[in-house]
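One-letter residues, chain by chain:
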Amino acid sequence: LGSIPIGALVGLMLAVARHTFSWSSIRLLKDRRCTALDALTIWGVSLLTVKKGLAVSVIVGVCATALRFCWETANDLYSSHEE
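From a predicted model like this one, the values you see are computed outputs, not experimental measurements.

S.K.: So, the environment of K51: which residues are in play, and what are the values?
M.R.: Position of K51 among the secondary structure elements: in helix α3 (residues 36-52). Judged by relative accessible area, which is 70%, K51 ranks as exposed. Put simply, K51 and W23 are 28 residues apart on the chain and 19 Å apart in space, counted from C-alpha to C-alpha.

S.K.: Residues and numbers for the pattern of salt bridges, please.
M.R.: Scanning the model with the defined rule gives 3 salt bridges in all. Here R68 ties to D38 by a salt bridge, and the two come within 2.3 Å at their closest N and O atoms. Residue R68 is found in helix α4 (residues 54-76), and its partner D38 is found in helix α3; the two are separated by 30 residues along the sequence. Assessed through its relative accessible area of 27%, D38 is described here as partly exposed. The partner of R68 in a salt bridge is E72, and the shortest N-O contact between them spans 3.1 Å. Here E72 and R68 lie together in helix α4, a separation of 4 residues that amounts to about one turn. Residue R68 is classed as partly exposed on the basis of its relative accessible area, which comes to 22%. Several salt bridges converge on common partners, so that one network encompasses D38, R68 and E72.

S.K.: Summarise helix α1 (residues 6-20); cite the residues concerned and give the values.
M.R.: The α-helix advances 3.6 residues per turn, and as a result positions three or four apart in sequence lie on the same side. The end-to-end C-alpha separation of α1 is 21 Å, in line with the 21 Å expected for 15 residues at 1.5 Å each. Across the 15 residues of α1, 0 count as buried, placing the element largely on the outside.

S.K.: Which residues make up the packing of α3 against α4, and what values do they have?
M.R.: Look at α3 against α4: their axes get within 8 Å of each other, and the N-to-C directions meet at 160 degrees. In terms of their interaxial angle, α3 and α4 are classed as roughly antiparallel. As for how α3 packs across α4, the hand of that crossing is right-handed. Contacts between α3 and α4 involve L37, D38, T41, V45, L48, T49 and K52 from the former and L54, V56, S57, V60, G61, T65 and R68 from the latter.

S.K.: Describe the side chain of S57, naming the residues involved and giving the relevant values.
M.R.: With respect to the helices, strands and loops of the structure, S57 is situated in helix α4. In this view, S57 contacts V45, L48 and T49; residues no more than four positions away in its chain are not counted.

Cut-offs used in this document
Residues numbered from 1 in each chain as written. Predicted model: local features only at pLDDT ≥ 70, side-chain atom pairs only at ≥ 80, totals over all residues. Heavy atoms only, no water. Helix = DSSP H or I, 4+ residues; strand = E, 2+ residues; numbered from the N terminus. Buried < 20%, exposed > 50% of the residue type's maximum accessible area, 1.4 Å probe, protein only. Salt bridge = Lys/Arg side-chain N within 4 Å of Asp/Glu carboxyl O. Expected span 1.5 Å × (residues − 1). Axes fitted to C-alpha atoms, helices over the stretch in contact; angles between N-to-C directions. Parallel < 35°, antiparallel > 145°, perpendicular 65-115°, else oblique. Left-handed = near helix turned anticlockwise from the far one by under 90°. Contact = heavy atoms within 4.5 Å.

So this is what it looks like as structure tokens:
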């Protein structure tokens, strides 16, 4: 690994990051085709990826999305009592 130039490794890392990022999410934000909570999740996970790393941001993103799904599903539930 000591014989590989750092510039080549950085270039490879940037190329992989460019190809793995979901660029369509930026289009969703730009065209305002997503809800405010979706936009907050996209921005939050993207910033968290830069600050803390991919593993942490994936865990936080999945947890935030699961909590939001539970909240929205719970608001749709109702019960009735028949005698």
